[in-house]
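# Survey of secondary and tertiary structure
Each chain, written out:
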Amino acid sequence: MRILLTGGTGFIGSHTAALLLEAEHDVVLYDNLSNSRAEVVDRLERITGRRPVLVVGDIRDEEAMRCALNEHRIEAVIHFAGLKAVGESVEKPLEYYDNNIVGTLRLLEAMRAEGVKSLIFSSSSTVYGTPKSLPLTEEMPTGEATNPYGRTKLHIEQILADCAKADPELRVVCLRYFNPIGAHPSGLIGEDPNGIPNNLLPYVARVAHGRLPKVRVFGNDYPTPDGTGVRDYIHVMDLAEGHVKALPYVTSHPGWIAINLGCGRGYSVLEVIRAFEKASGQTIPFEIVPRREGDIAANWGDPSRAEKLLGWRARYDIDDMCRDAWRFESMLEG
Ligand code: NAD
Ligand code: UFG
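Overview of the structure. (Residues numbered from 1 in each chain as written. Chains lettered and ligands numbered in written order. Predicted model: local features only at pLDDT ≥ 70, side-chain atom pairs only at ≥ 80, totals over all residues. Heavy atoms only, no water.)

## Focus: the overall build of the chain
Along the chain, the regular secondary structure elements total eleven helices and 14 strands. What you see for the chain is a C-alpha radius of gyration of 19 Å, in line with the 20 Å of a compact globule of 334 residues. Along the first, second and third principal axes, the C-alpha atoms of the chain reach 55 × 45 × 40 Å. Considering the chain as a whole, with its 334 residues, one finds that 53% of them fall into the buried category. Long-range pairs, those at least 24 residues apart, make up 81% of the contacts in the chain between residues at least 6 apart in sequence. Taking the average place of the 37 positive charges on the side chains of the chain and the average place of its 46 negative ones, the gap between the two points comes to 2 Å. (Helix = DSSP H or I, 4+ residues; strand = E, 2+ residues; numbered from the N terminus. Rg over C-alpha atoms; globule rule 2.2 N^0.38 Å. Buried < 20%, exposed > 50% of the residue type's maximum accessible area, 1.4 Å probe, protein only. Contact = heavy atoms within 4.5 Å. Lys, Arg positive; Asp, Glu negative; His and termini not counted. Charge placed at Lys NZ, Arg CZ, Asp CG, Glu CD.)

## Observations concerning the site of ligand 1
Not every one of the 27 residues close to ligand 1 is listed here, only the nearest: Asp31, Asn35, Ser36, Lys84 and Tyr149. A distance of 2.6 Å separates an oxygen atom of ligand 1 from a polar atom in the side chain of Ser36. Interatomic distance of 3.1 Å between a side-chain N/O atom of Asp58 and a nitrogen atom of ligand 1. Out of a free accessible area of 820 Å², ligand 1 has 95% covered by protein chains. (Near = heavy atom within 4 Å. Polar contact = N/O pair within 3.5 Å; in protein donor to acceptor, adjacent residues only side chain to side chain. Areas by Shrake-Rupley, 256 points an atom, 1.4 Å probe, with all protein chains shown as cover.)

## So, the site of ligand 2
Every one of the 18 residues lining ligand 2 counts as a neighbour, but Asn199, Arg216, Arg231, Arg292 and Asp295 are closest to it. Between Ser125 and ligand 2, the recorded distance is 3.1 Å, taken from a side-chain N or O atom to an oxygen atom. Note that an oxygen atom of ligand 2 is positioned 2.9 Å from one of the backbone N or O atoms of Phe218. Split by residue class, the shell around ligand 2 holds seven nonpolar, seven polar and four charged. (Nonpolar A, V, L, I, M, F, W, Y, C, P; charged D, E, K, R; others polar.)

## Brief notes about the pattern of salt bridges
Under the defined criterion, the tally for this structure stands at 28 salt bridges. When salt bridges that share partners are traced, they join Asp192, Arg206, Arg211 and Glu329 into one network. (Salt bridge = Lys/Arg side-chain N within 4 Å of Asp/Glu carboxyl O.)

## Focus: the side chain of Arg171
With respect to the helices and strands, Arg171 occurs in strand 6 (residues 171–177). Put simply, Arg171 is tucked away with no salt bridge, and the nearest opposite charge, on Glu169, sits 6.1 Å away. Engagement of the side chain of Arg171 in a polar contact is seen with the side chain of Ser118, the distance being 3.1 Å. Within polar-contact distance, the side chain of Arg171 engages the backbone oxygen of Val250 at 3.3 Å. Those residues in contact with Arg171, other than ones at most four positions away along the chain, are Lys117, Ser118, Leu119, Val250, Thr251, Ser252, His253, Pro254 and Gly255.

Everything listed is a geometric property; what it means functionally is a separate question.
So this is what it looks like as structure tokens:
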């Protein structure tokens, strides 16, 4: 198939592109490079032996989106593009609503104009809000988002549901990711955020590498087995595979559906630190500091819908995730 990936040079987009290229799909990456580099295209060529097309453009530029869809005769879009830092979204709500929501509206208009009817959207388990019970299933109502980033995901899901209702030919799958970590086993692509990382794994990786002094563990008084926060970490290669498996589904099922992509079990912050120590052979100093505002104690998802509808289930465990994240990290300049 001919597939366009908005945000395709980013962390999750690039790993998905690698699998799509390997599966002989034609891949167009559409990205404004606000949080990624064009060099990813060379890396993808090294990994797969095939070179994706890169279109440098903004999803808010409807004309440029239309051109890309038309010129490459795109059959399906996977929509990764967006700003994703929770803390930054509190400080810059307008930027987040404009980039994520207005950007999605422009994309939908461009798809309508060009007759592209299949869309996979990068949603997040954040749409569930504070869990009332675990595991989280797609039948559960979505919750109250606690920050503008989370609200963009919720609003976009609802906008997509409305559009699918209005256009019976539209086919939309919202993939609700749990916590993606890890890297491509080649070590050539991975997650290397600008500045001090917000998320646990890139932070832990930098401490193991000696680029940061110690991990701050946000609270050890949660109602969890060891008191630290529990999350459903998922290897980015498993997540990427979930998109590949969602393609035949999205192209043949009109309407809107949400599907969890997670492993279905949780690990605590201390378990992650220990797994990373094992993978890297490094000691990882940490200190317990107060809880981070807005954090929930625990969340993990029920991935059985993905298995039933897409034939997908996660294959990698936390040791695999840490091993591949470490390989990528240790290949970076110190
Ligand atoms: P990322 O920042 O690495 O990738 C996003 C890409 O989108 C970047 O390459 C960026 O340059 C591009 N982009 C941003 N705004 C754009 C615009 N207006 N026009 C064109 N390109 C634009 O992030 P990621 O981790 O790969 O996340 C991909 C998607 O998955 C995002 O929508 C994110 O919200 C969602 N998601 C991520 C996580 C996570 O923990 N990484 C969890 C749940 C959901
Ligand atoms: N944590 C630390 N120290 C750190 C960073 C994180 O102890 O330096 C802890 C957090 O308190 C939490 C766990 O590690 O218990 C995971 O935190 P992350 O920041 O890695 O991930 P979150 O679950 O907070 O956030 C993720 C995504 C968001 C999304 C959110 C809700 O990054 O995009 O899930 O679904 F909004």
